[in-house]
Amino acid sequence: MLEGKVALVTGSTDGIGFAVARVLAREKADIVMNGFGDPAVVQARREEIEREFGVRVLHVPANLTIPAEAVQLVHAAQEAFGHVDILVNNAGTQHKSPVEEQPPERWDEVLALNLSAPFHTIRTALPAMRTRGWGRIVNVASIYGLTGGYNRSSYVASKHGLVGLTKAVALETANSAVTCNAVCPGDVSTRIFYKTAKDLALRENISREEAITRVAASNMPSGRAISPEQVAELVGYLCSPAAAEIRGAAMSIDGGWLAR
């Protein structure tokens, strides 16, 4: 489906981003990975995608809280592969505390990575997409981009902003073959989710399985966390020909969270 395309996926050395990279590579897109982690692990994952799917994979460890590095990430991908056809803004962070206790520097960091970095990657990648006559921009927002939440003001603000940015870019590209959409996952079974469950299990002396169910059910009527692979498949769909006229959508994948 995506043979000959190049996909840049931020925050893709682990979790949702790594799953997205695998899904797009399965469809034969060449991949530019981005993110940090143990160099040996990152290298192994890069080689895993190359070996399993027969595509080219580059890793660029840019610090996206720095605007110049976000811009340079796109340039590095273009220089290596000639073009970037798919941009998935997945990298993100959060801080949990009441708003009056949140350190201003953490607010700035969350907004820089979750909202400003996508702005910089989009503004840098979009002109060449327009010139080539095709492009897909997918922003990994959050269910907190569609609703509020306690003790996470910077995260909620940044993800609402990302959904707004998605809609604005979608309108600006509506008369072209470039689309811009967002996916909004509920609780995803990543390391952060499992750490929350582990802390609950230790705190209340319950089993790991019960803790996982309770953490998921606290927000999602399904009682199950979303897997990174499920989010990745939705991203893959938005990059497909079938999604050519989905524009400015903020698609929730949330186990019924917003249906309550």
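Residues numbered from 1 in each chain as written. Predicted model: local features only at pLDDT ≥ 70, side-chain atom pairs only at ≥ 80, totals over all residues. Heavy atoms only, no water.

**Student:** Go over the sheet that holds strand β3 (residues 57-60) with me, naming the residues and quoting the values.
**Tutor:** Within the open sheet, the seven strands sit side by side as β3-β2-β1-β4-β5-β6-β7. Their pairing is parallel. The sheet terminates laterally at β3 and β7 (250-253), the two strands that pair on one side only. This sheet shows a mean twist of 15 degrees between the axes of neighbouring strands, independent of strand direction. Two strands pair when backbone bridges link them, and strand β5 (residues 135-140) and strand β6 (residues 178-185) are joined in this way by six bridges, in the parallel orientation. Along β6, the bridge assignment pairs I137 with C180. Along the sheet, helix α1 (residues 15-26) contacts β1 (6-9), β2 (30-34) and β4 (86-89); its crossing angle with β1, the most-contacted strand, is approximately 175 degrees. (Pairing = 2+ DSSP bridges. Helix = DSSP H or I, 4+ residues; strand = E, 2+ residues; numbered from the N terminus. Axes fitted to C-alpha atoms, helices over the stretch in contact; angles between N-to-C directions. Contact = heavy atoms within 4.5 Å.)

**Student:** An account of unusual backbone geometry is needed here, citing residue identities and associated values.
**Tutor:** For N151, which is not glycine, the phi torsion reads 60 degrees and is therefore positive. Inspection of the secondary structure puts N151 in the loop between β5 and α5 (153-172). Of note in this structure, N205 is not a glycine but carries a positive phi near 55 degrees. Within the secondary structure, N205 sits in the loop between α6 (191-204) and α7 (208-217). Exposure remark for N205: the relative accessible area of 72% places this residue in the exposed category. (Buried < 20%, exposed > 50% of the residue type's maximum accessible area, 1.4 Å probe, protein only.)

**Student:** Break down the pairing of β3 for me, with residues and values.
**Tutor:** Moving residue by residue along a regular strand, the side chains alternate between the two faces of the sheet. Summarising the sheet, β2 and β3 pair through four bridges and their orientation is parallel. If you follow V32 over to β3, its bridge partner there is L58.

**Student:** Could you give an account of the environment of K198, naming the residues involved and the relevant values?
**Tutor:** By secondary structure assignment, the location of K198 is in helix α6. Relative accessible area serves as the criterion here: at 53%, K198 is assigned to the exposed category. Along the sequence, K198 and R208 sit 10 residues apart, while their C-alpha atoms lie 6.4 Å from each other.

**Student:** A description of α5 should follow, citing residues and the corresponding values.
**Tutor:** Here α5 spans 29 Å end to end across 20 residues, near enough to the 28 Å set by a 1.5 Å rise per residue. Those residues of α5 that fall on the buried side of the exposure criterion are S154, Y155, V156, S158, K159, L162, V163, L165, T166, V169 and A170. Contacts from the buried residues of α5 go to α4 (104-132), β5, β6 and β7. (Expected span 1.5 Å × (residues − 1).)

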